[in-house]
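Structural characterization, general
Here is what each chain is made of, one letter per residue.
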Amino acid sequence: MYIAQQKQIIPMEITEDLLASKGKRFVNHLIDLVPQYAVIYGLSYGFYYLGEFTGNYALSDWFNGMSTVMDYVFTYLLLLIYYTLMEGYTERTLGKYVTRTKVIKIDAEPITLKDAFIRSLCRLIPFDMLSFLGTNGKGWHDSISKTYVVDIDKFESKKQTEINLEAIGNTLIE
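Fair warning: this is a prediction, and the values are worked out from it, not measured in the lab.

1. Things to note about the overall build of the protein
Counting its secondary structure elements, the protein contains seven helices and four strands. Helices and strands appear in the protein in the N-to-C order β-β-α-α-α-α-β-α-α-β-α. Here the contacts in the protein between residues at least 6 apart in sequence split such that 66% fall between residues at least 24 apart. Total accessible area computed for the protein in this model is approximately 10,500 Å², and 65% of it derives from carbon and sulfur atoms.

Following this line, the structure appears as structure tokens:
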């Protein structure tokens, strides 16, 4: 990342100590399942009660009687929308808010909506969850999209240190 400080660019390297732990990543995943299931169950009950109100259960019957393939398509579409919008606009998901982590590009810049969409697409790769068994805890959706999930407190602390060091260097030069 290049931090703009008094019209100068400060390079920042993302080191292993800034990365979110495997434990935090796992907790993120578990927490992020909650809103996805909430939407699915909410739609199911919503369509049922809409049928009760209107006397027409066609939408409820269709939704609850989806084939396995349609169920997968719907679930993966929901996953794509959730992760793309949450990470694209806030750099975080609900799980990342709880664990105080966020997604950044490998150059430490904030991710874009496009980066979030690529991350989300990569989550659909079969066995992506198993890719976290490696030593550094980076999944395929991280490495393919060229992003990191970092601990916010450590990241912000290092960023502030870089800014302060650059300010000291500028003071000494002047």
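2. Quick word on the nonpolar core
Counting nine residues, the largest nonpolar core is built from Met12, Ile14, Leu18, Leu19, Ile104, Ala108, Tyr148, Val150 and Phe155. What valine 150 contacts, discounting residues up to four positions off in sequence, is Ile14, Leu18, Leu19, Ala20, Arg100, Thr101, Lys102, Ile104 and Phe155. Residues Ala20, Ile111, Ala116 and Val149 belong to the second largest nonpolar core, which totals five residues.

3. A look at the pairing of strand 4 (residues 147–151)
Within strand 4, five of the five residues are buried, which leaves it mostly tucked inside the rest of the structure. Of the two faces of strand 4, the one lined by Thr147, Val149 and Asp151 and the one lined by Tyr148 and Val150 are each fully buried. When strand 3 (residues 101–105) meets strand 4, the two strands line up antiparallel, connected through five bridges. Note on strand 4: the bridge partner recorded for isoleucine 104 is tyrosine 148.

4. With respect to unusual backbone geometry
One non-glycine residue, arginine 100, adopts positive backbone phi at about 55 degrees. One non-glycine residue, phenylalanine 127, lies in positive phi territory at about 70 degrees.

5. Things to note about the packing of aromatic side chains
Following the criterion strictly, the structure yields eight aromatic pairs and no others. Arranged with centres 6.4 Å apart and planes meeting at 50 degrees, the rings of tryptophan 62 and phenylalanine 63 form a pair that is tilted. An aromatic cluster is present here, built from Phe47, Trp62, Phe63 and Phe74 joined pairwise through their rings. Cation over ring: arginine 123 sits above tyrosine 83, and NZ or CZ is 3.7 Å from the ring centre.

Thresholds, definitions, all that
- Residues numbered from 1 in each chain as written.
- Predicted model: local features only at pLDDT ≥ 70, side-chain atom pairs only at ≥ 80, totals over all residues.
- Heavy atoms only, no water.
- Helix = DSSP H or I, 4+ residues; strand = E, 2+ residues; numbered from the N terminus.
- Contact = heavy atoms within 4.5 Å.
- Areas by Shrake-Rupley, 256 points an atom, 1.4 Å probe, with all protein chains shown as cover.
- Core = buried A, V, L, I, M, F, W, Y, C linked by side-chain atoms within 4.5 Å.
- Buried < 20%, exposed > 50% of the residue type's maximum accessible area, 1.4 Å probe, protein only.
- Pairing = 2+ DSSP bridges.
- Phe/Tyr/Trp six-rings, centres within 6.5 Å; stacked < 30°, edge-to-face > 60°.
- Lys NZ or Arg CZ within 6 Å of the ring centre and 35° of its normal.

These results come straight from atomic positions and should not be treated as a statement about function.
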